[in-house]
Amino acid sequence: MKRKILVAISVLAMTGVLTACGGDAGSTAGGNAGTAESGTASADTAASGGASSTGDASLESTGGSGEKSEPSGPKSMVIGDTTFNAENWEETIDPHRTYNGWPCIRYGVGETLVHYTDSMELEPWLASSWENDGDLTWTITLKDGIKFSSGRDMDAEAVKQCFEHLIENHDRAPGDTKIDKLEADGQVLTITTSEPNPALMNYLGDPYACIIDVDASDFETGVAVGTGPYKAVDMVTDDHLKLEPNEFYWDGTPKLSELTIRTISDGDTLSAALLAGDIDAAYGMAYEAYPNFENDNYQFSSMQTSRAFFCSMNMTSPVIQDPAVRKAIAMGINKQGFVDTLLGGHGVVGHGAFPDGFSTFGGDKIKAKEYDVDGAKAVLEEAGWTDSDGDGIRDKDGTRLVVRWLTYPSRQELPLLAESAQATLKDIGIDVDINCTANRREFLADMASWDIYASALVTAPSGDPQYFFTTSCVPEMSYNFGAYNNKEVTDMIEELSKEFDTSKRAQYAIDLQQKILDDDAYVFCSFLQMNMISKSNVTGWNAHACDYYEVTAELDIE
């Protein structure tokens, strides 16, 4: 039977620039650098097992017998999510399209070869085992009896095809995985890397490594076909994703007959929707709304994560190039006050790139600068930054000490961090000019337009320290927004990437954190304590340390 799917992708135009972060900043969605695109996308794909797009908003899948299996007892559920939007580079469920590819794994469409435990250790998932020869060759044995939602068997040839497509199309995967050659033999996949890569299996647990059926997936519209408990039947970017059970699912029976992910970027709207019963669960709820749900009608699932809220210094900016200014900023941000007051205690103070106590390389292993108003003032005074006109803002050689702070509203913590930093840095004589905008990509591309970029990043998405340093501290890498360049750091990162000994990898991670903090190139302010809120009749809606596994086969509503 032919399978039909309609995917409408609309990107809302973002006009104007927010100069401060007000309570309604999060209501904007989109963020395609001021452009507006809307319409219907469809594509025909020749697939083994049959796949085509013909302009119909429904999709039917049949098993080998030709009879469609139905879940027992129709149940529907709606989840409100602030992050499933173009602004966050999460406009589709194609894991090969965007830098992160999170929606595919978050919403139960795709799965990876390995799974992360709550302590971020690797365990088998689609793979049953793996081994390395101590050098370039990895042998991965896949579990038997797993099918894609298209009905195709997940064998080594299908996984090989998936990884080949990933390497050809993804920005980050080739550099992360260093895959040189793939060989398939039944359920055994052999990977040869171009150089030793101790973190390969960690990277193959990243959302971009979701195993998808390349033949059945529609890459033009961004709809992937995976092995997860659910399959997509309708998607409109910045609005919704509609899911139905994967009748071929290998690890239990999905309990919902229909699941909808609704994009609700504004925190007030999200709160109102849950209170009104328009949605059954929420991800990204504003902290000030929490008291509305602290009763028997709702429940919280909480977990500390390695999602850091941190500042990247623009090392090309004349004012930031002054080491005294960077040092004073690091000393002038009241992290504890930010967490306690503006986050209501729903967070963890940051010291290094990883949370305190994280594995063997957490922030408690390094020494960060403490909040010290008098000390920061002394640093600036010694560097010649004084308040010559008595207006409260320091100046030097006729230049006022103004720092342009770039951030964005879709992560509710970031506008609050900007507000906190603006207040505490003013105490030491620094004027903070906030630009909180969904169009941050436009400003990031213009290095002359900002001095500090405050963002949110999961620094250890694979439980291994390598990811943060390779993406954010190496010159010209994707997340090195501030153009940080320290040859000693770059050389250490290269050594880390080739070290198989876990204890030595941990020590590299500790030393690297200390180096970048000594340069005052980054300020790690806090880490997310993720809270997912649902009605009391929802089960299986659980927070996880890696922030990936939202929708599972166990998700249910009574």
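Preceding this section is the structure that the text describes.
All figures in this text were calculated on a predicted structure; none of them were measured in a lab.

Peer 1: It is not clear to me how the nonpolar core should be interpreted in this structure. Could you clarify?
Peer 2: Where a protein is soluble and globular, its nonpolar side chains tend to be buried together. Core analysis: the largest hydrophobic core is formed by 163 residues, its most contacted members being Phe 163, Ile 191, Ile 329, Trp 405, Phe 468 and Phe 469. In terms of residue count, the dominant contributor to this core is strand S21 (residues 522-535) (nine residues).

Peer 1: Got a minute to help me understand the packing of aromatic side chains in this structure?
Peer 2: A full pass over the atoms with the stated rule returns 25 aromatic pairs. Judged by centre distance (5.0 Å) and plane angle (80 degrees), the rings of Tyr 453 and Phe 481 are edge-to-face. With Tyr 453 in strand S20 (residues 452-458) and Phe 481 in the loop between helix H11 (466-472) and helix H12 (487-498), this residue pair connects regions lying 28 residues apart in the sequence. Ring geometry for Tyr 484 against Tyr 522: centres 5.7 Å apart, planes inclined by 80 degrees, an arrangement best described as edge-to-face. In this pair, Tyr 484 sits in the loop between H11 and H12 while Tyr 522 sits in strand S21, placing the two residues 38 residues apart along the sequence. According to the relative accessible area criterion, Tyr 484 is buried, its value standing at 3%. The rings of Phe 310, Phe 354, Phe 358, Phe 361, Phe 468, Phe 469, Tyr 484, Tyr 522 and Phe 524 are connected pair by pair, giving a single aromatic cluster. In this structure, Arg 440 packs its charged tip against the face of Tyr 408, placed 3.6 Å from the ring centre.

Peer 1: I tried to follow helix H6 (residues 323-332) on my own but got confused; where do I start?
Peer 2: Residue pairs spaced three or four apart in an α-helix point in one direction, given the helix's 3.6 residues per turn. Of all 10 residues that make up H6, eight are buried, and the element is covered over most of its length. When we look at burial in H6, the residues that qualify are Ala 324, Val 325, Arg 326, Ala 328, Ile 329, Ala 330, Met 331 and Gly 332. Of the surrounding secondary structure, the elements contacted by the buried residues of H6 are strand S14 (298-313), helix H8 (373-382), strand S18 (402-407), helix H9 (413-426), S20 and S21. Two to three positions downstream of the cap, the backbone nitrogen of Ala 324 sits 2.9 Å from a side-chain oxygen, assigning the N-cap of H6 to Asp 322.

Calculation criteria
- Residues numbered from 1 in each chain as written.
- Predicted model: local features only at pLDDT ≥ 70, side-chain atom pairs only at ≥ 80, totals over all residues.
- Heavy atoms only, no water.
- Core = buried A, V, L, I, M, F, W, Y, C linked by side-chain atoms within 4.5 Å.
- Buried < 20%, exposed > 50% of the residue type's maximum accessible area, 1.4 Å probe, protein only.
- Helix = DSSP H or I, 4+ residues; strand = E, 2+ residues; numbered from the N terminus.
- Phe/Tyr/Trp six-rings, centres within 6.5 Å; stacked < 30°, edge-to-face > 60°.
- Lys NZ or Arg CZ within 6 Å of the ring centre and 35° of its normal.
- Contact = heavy atoms within 4.5 Å.
- Polar contact = N/O pair within 3.5 Å; in protein donor to acceptor, adjacent residues only side chain to side chain.

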